[in-house]
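Understanding the architecture of this molecule
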There are 2 protein chains.
Amino acid sequence: MSDSAEPLSSLRRALGLLRRVGAADAGGIRLKDLAEQAGCSQPTAHRALQDFAAEGFVEQTGKRYRLALDFFVLAARAGHADGLRDLAKPVLLRLSATLTDTIFLLVRNGYDAVCLDRIEGPFPIRSFTGDIGGKVPLGLGQGSLAILAHLPEAEREAVIRFNVPRLLDRGFLDEAALRVALQAARAQGWVNLNTGLIPGMAGLGVPVFDAQGRAVAALSVGTLADRLRPERLPGVVAILRAEAATLGAMLNPFDTALRHPSRSLSSLS
Amino acid sequence: MSDSAEPLSSLRRALGLLRRVGAADAGGIRLKDLAEQAGCSQPTAHRALQDFAAEGFVEQTGKRYRLALDFFVLAARAGHADGLRDLAKPVLLRLSATLTDTIFLLVRNGYDAVCLDRIEGPFPIRSFTGDIGGKVPLGLGQGSLAILAHLPEAEREAVIRFNVPRLLDRGFLDEAALRVALQAARAQGWVNLNTGLIPGMAGLGVPVFDAQGRAVAALSVGTLADRLRPERLPGVVAILRAEAATLGAMLNPFDTALRHPSRSLSSLS
DNA sequence: CCATATAATTCCGTTATATGAAATTTATTG
DNA sequence: CAATAAATTTCATATAACGGAATTATATGG
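Described in the following lines is the structure provided in the data block.

1. Quick notes on the overall build of chain A
The number of helices and strands found in chain A is ten helices and eight strands. For chain A, buried positions account for 54% of its 269 residues. For chain A, long-range pairs separated by at least 24 residues make up 56% of all intrachain contacts whose partners lie at least 6 apart in sequence. Surface accessibility of chain A: about 11,400 Å² in total, with carbon and sulfur atoms responsible for 56%.

2. Regarding the protein's contact with DNA strand D
The full set close to DNA strand D counts 19 residues, and S10, K32 and H46 of chain A together with S41 and T44 of chain B are the nearest of them. Interatomic distance of 3.2 Å between a side-chain N/O atom of Y65 of chain A and a phosphate oxygen of DNA strand D. With respect to DNA strand D, the side chain of R47 of chain B contributes an N or O atom lying 3.3 Å from a base oxygen. Breaking the surface near DNA strand D down by element, the ones donating at least two residues are α1 (10-23), α2 (31-38) and α3 (42-54) of chain A together with α1 (10-23) and α3 (42-54) of chain B. In terms of residue class, the surface near DNA strand D is made up of four nonpolar, eight polar and seven charged.

3. Quick look at the protein's contact with DNA strand C
Near DNA strand C you find 19 residues, and of these S41, T44 and R47 of chain A together with S10 and K32 of chain B are the closest. Counting only atoms of DNA strand C within 4 Å of the protein, the fraction found in sugar and phosphate groups is 75%. At 2.7 Å from a phosphate oxygen of DNA strand C is found a side-chain nitrogen or oxygen belonging to S41 of chain A. For the surface near DNA strand C, the secondary structure elements donating two or more residues are α1 and α3 of chain A together with α1, α2 (31-38) and α3 of chain B. Of the residues assigned to the surface near DNA strand C, the class counts are four nonpolar, eight polar and seven charged.

4. Concerning the interface of chain A and chain B
Facing 60 residues of chain A, the contacting portion of chain B comprises 60 residues. Together chain A and chain B conceal approximately 5,600 Å² of surface at their shared face, both sides included; 62% is due to carbon and sulfur atoms. Considering only the surface of chain A that becomes buried against chain B, E55, L69 and F72 of chain A emerge as the three largest contributors, covering 12% of it. Joining chain A to chain B, the criterion identifies ten salt bridges. Across the contact surface, chain A and chain B share 14 residue pairs in polar contact (both at pLDDT 80 or more).

5. What about the pairing of strand β2 (residues 58-61) of chain A?
Residues and elements named next belong to chain A. For β2 and strand β3 (residues 64-67), the ladder comprises four bridges, and the chain directions are antiparallel. What sits directly across from T61, in β3, is R64. Hairpin connection between β2 and β3: a loop of two residues separates the two successive antiparallel strands, and G62 in this loop has a positive phi of roughly 65 degrees.

6. A look at the packing of helix α7 (residues 153-169) of chain A against helix α8 (residues 175-188) of chain A
Residue and element names in this part refer to chain A. One can describe the packing of α7 onto α8 by two numbers: an axis separation of 10 Å at closest approach and a directional angle of 135 degrees. Taken together, the axes of α7 and α8 lie oblique to each other. Both α7 and α8 take part in a crossing whose hand is right-handed. For the pair α7 and α8, the contacting residues are R156, E157, I160, V164 and L167 in the first and E175, L178, R179, L182 and R186 in the second.

7. Observations regarding the side chain of E243 of chain A
Residue and element names in this part refer to chain A. As for its placement among the helices and strands, E243 is situated in helix α9 (residues 233-250). Overall, E243 belongs to the buried group, its relative accessible area being 11%. Of note is the side chain of E243, whose polar atom sits 2.8 Å from the side chain of R94. Residues within four places of E243 in sequence aside, it is in contact with V91, R94, L95 and L219.

8. Quick notes on the packing of aromatic side chains
Applying the stated criterion across every chain, the model contains seven aromatic pairs over all chains. With 6.5 Å between their ring centres and 40 degrees between their planes, F52 of chain A and F57 of chain A make a pair best called tilted. Grouping residues by exposure puts F52 of chain A and F57 of chain A together as buried. One aromatic cluster is present, formed by F52, F57 and F71 of chain A together with F52, F57 and F71 of chain B through successive ring pairs.

9. A closer look at the packing of α1 of chain A against α2 of chain A
Residues and elements named next belong to chain A. The contact between α1 and α2 brings their axes to 10 Å, and the two run at 125 degrees. Taken together, the axes of α1 and α2 are oblique relative to one another. Between α1 and α2 lies a crossing of right-handed hand. In this structure, α1 uses L17, R20 and V21 to contact α2, whose residues at the interface are L34, Q37 and A38. A breakdown of the residues in the contact of α1 with α2 according to their chemical character gives four nonpolar, one polar and one charged.

10. So, the pairing of strand β4 (residues 102-109) of chain B
Moving residue by residue along a regular strand, the side chains alternate between the two faces of the sheet. Residues and elements named next belong to chain B. Burial of β4 is extensive: eight of the eight residues sit out of reach of the surface. The side-chain alternation of β4 yields two buried faces, one formed by T102, F104, L106 and R108 and the other by I103, L105, V107 and N109. Pairing of β4 with strand β8 (residues 215-224), which is carried by six bridges, proceeds in the antiparallel orientation. Considered in β8, the bridge of I103 is made with V221. By the bridge criterion, seven bridges tie β4 to strand β5 (residues 112-119) in an arrangement that is antiparallel. Along β5, the bridge assignment pairs L105 with D117. The hairpin turn running from β4 into β5, its antiparallel successor, is two residues long, and G110 in that turn takes a positive phi close to 65 degrees.

11. Details of the relation of the copies chain A and chain B
Take chain A, turn it by 180 degrees, move it 0.0 Å along the axis, and it overlays chain B with an RMSD of 0.1 Å. With respect to symmetry, the two chain copies, as superposed, fit the operation of a two-fold axis.

12. A word on the sheet that holds β4 of chain B
All names here are of chain B. One open sheet holds the five strands; their spatial order is β6-β5-β4-β8-β7, and the pairing between them is antiparallel. On the outer flanks of this sheet lie β6 (135-137) and β7 (201-209), each paired with one strand and no other. On average, each strand axis in the sheet is tilted by 30 degrees relative to the strand beside it, whichever way the strands run. Relative to the sheet, helix α7 (residues 153-169) contacts β4, β5 and β6, its axis offset from that of β6 by approximately 100 degrees. Sheet strands touched by helix α9 (residues 233-250): β4, β7 and β8. Its angle to β7, the strand with the most contacts, is close to 30 degrees.

13. Focus: the environment of M201 of chain A
Residues and elements named next belong to chain A. For M201, the location among the structural elements is in strand β7 (residues 201-209). Expressed as a C-alpha distance, the spacing of M201 and I125, which sit 76 residues apart in the sequence, is 7.4 Å. With residues up to four places along the chain from it excluded, the contact list for M201 reads P124, I125, R126, N194, T223, L224 and A225.

Calculation notes
- Residues numbered from 1 in each chain as written.
- Chains lettered and ligands numbered in written order.
- Predicted model: local features only at pLDDT ≥ 70, side-chain atom pairs only at ≥ 80, totals over all residues.
- Heavy atoms only, no water.
- Helix = DSSP H or I, 4+ residues; strand = E, 2+ residues; numbered from the N terminus.
- Buried < 20%, exposed > 50% of the residue type's maximum accessible area, 1.4 Å probe, protein only.
- Contact = heavy atoms within 4.5 Å.
- Areas by Shrake-Rupley, 256 points an atom, 1.4 Å probe, with all protein chains shown as cover.
- Near = heavy atom within 4 Å.
- Polar contact = N/O pair within 3.5 Å; in protein donor to acceptor, adjacent residues only side chain to side chain.
- Nonpolar A, V, L, I, M, F, W, Y, C, P; charged D, E, K, R; others polar.
- Buried area = accessible area lost by both parts, 1.4 Å probe.
- Salt bridge = Lys/Arg side-chain N within 4 Å of Asp/Glu carboxyl O.
- Pairing = 2+ DSSP bridges.
- Axes fitted to C-alpha atoms, helices over the stretch in contact; angles between N-to-C directions.
- Parallel < 35°, antiparallel > 145°, perpendicular 65-115°, else oblique.
- Left-handed = near helix turned anticlockwise from the far one by under 90°.
- Phe/Tyr/Trp six-rings, centres within 6.5 Å; stacked < 30°, edge-to-face > 60°.
- Least-squares fit on C-alpha atoms with pLDDT ≥ 70 in both.

Everything listed is a geometric property; what it means functionally is a separate question.
Right, here's the structure in full:
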């Protein structure tokens, strides 16, 4: 779709290859296919992959390439902008211990929410967010919705415009239903939308505000529907909100601007 | 130390910059310092960083650069070689539910063990391995030691030779003590070395063998010293070993060669 | 608050090096 | 064991990466 004949630097072309390697499924990708997808010659792709491999970013088994462990290790240090993950760790541990459910820490990243950390509860949970490093469109899932609901109006509208088709693709709310849900979320300050999209599962999300009052993150709980019945729900809400307030109070005053909201999706579509 | 006047490709030079950005502490690194460290001109570093930023790998706040969230997201898919993380998830969840302690999944990566996944128990744990994506020299920590103990002799010796200084640096065992511990680990098939390096903490590690009988991973438990007293220990050992066997049986027959054991440390020293 | 130093960015001519066509080797498949 | 397809190497060419020098922005201190 979006071609735009601006010539990219060789570095960016190479990083594009790396992205595609990452996008390939666990089995890896063959040189031929990679070169074809990326629209470069095989020798070019080959040389880049050799370099990536020499740096430990990519590994090759047989004739398939995939992202290597060193890459994983390096990236574990990423996204530490304000040290949110470290700050939040004790909060998550407390929540996990108190509620004995699965706890998520989500942060906003452009049009998406990213799972920065997650502490597993005793019940096997299915969630949209997936595991640590997983990404969902803002608006899908309780925590993600909590963030979206509390963004400044202009930004929120921009995200909605961008995400509605993505949500529809995933069989989720249409725009009208989304707006109702957002309205409700804003009114009560937390999200308990039970869409029944994942049978037997339920969740609860609350926004985390930074010092400027921006919804930069969310805490959420994912559990069995049974465990969020009316008699338990209010207590869980109260605990979550209290911890969200604690976490928000610890956030550093500076920075936290929105950064590359644009390219977020452009590269892999 | 390691100069070796082989000229690297521009891509590898750029990736070296990225590594250094990752190695900088959470506050990020300035262009000037980065260029100086890497031994390139400021304009060169600048252009590379602009490209990384445009691809969402690096973010810039003020005049400091650090790894961005997109990088984290991309890397979450790395190290899935044989899908170990997914295969192990139910194993970890079972162990966590049964033992109510913190459970680690470690894999070997060159001279190191990397924490591929971790499920938190109710007690706050200090461990060498650190969080997901954390890296320790093989031989430091119970799981890490379990892997080392069960490597083929030649490989084991190579790792020992390389790691002894690293272990000493961290105030750990000298070579003699390490060899005793390895001998014991091999004899009993699990590791319960309580070095007292982390006061009040204790751990237990067992190796996970792939279809070729190679020790490619380890499961381990980190908990309070109190919780591994003689009366509970044997049960925990039995459970861990059983799950390690289960996990090993699920591992794919193919691949799993050792890959870049050399460069693992060379780049950031 | 302005002067000065230091870092970040932009410009530009030069040269290194990334590139794809073609050739060669290696693996896969009938 | 052919025959085919993919991976890798070679090489001449054109591109774009490079650092010095100039410019702008940002700290620093008087």
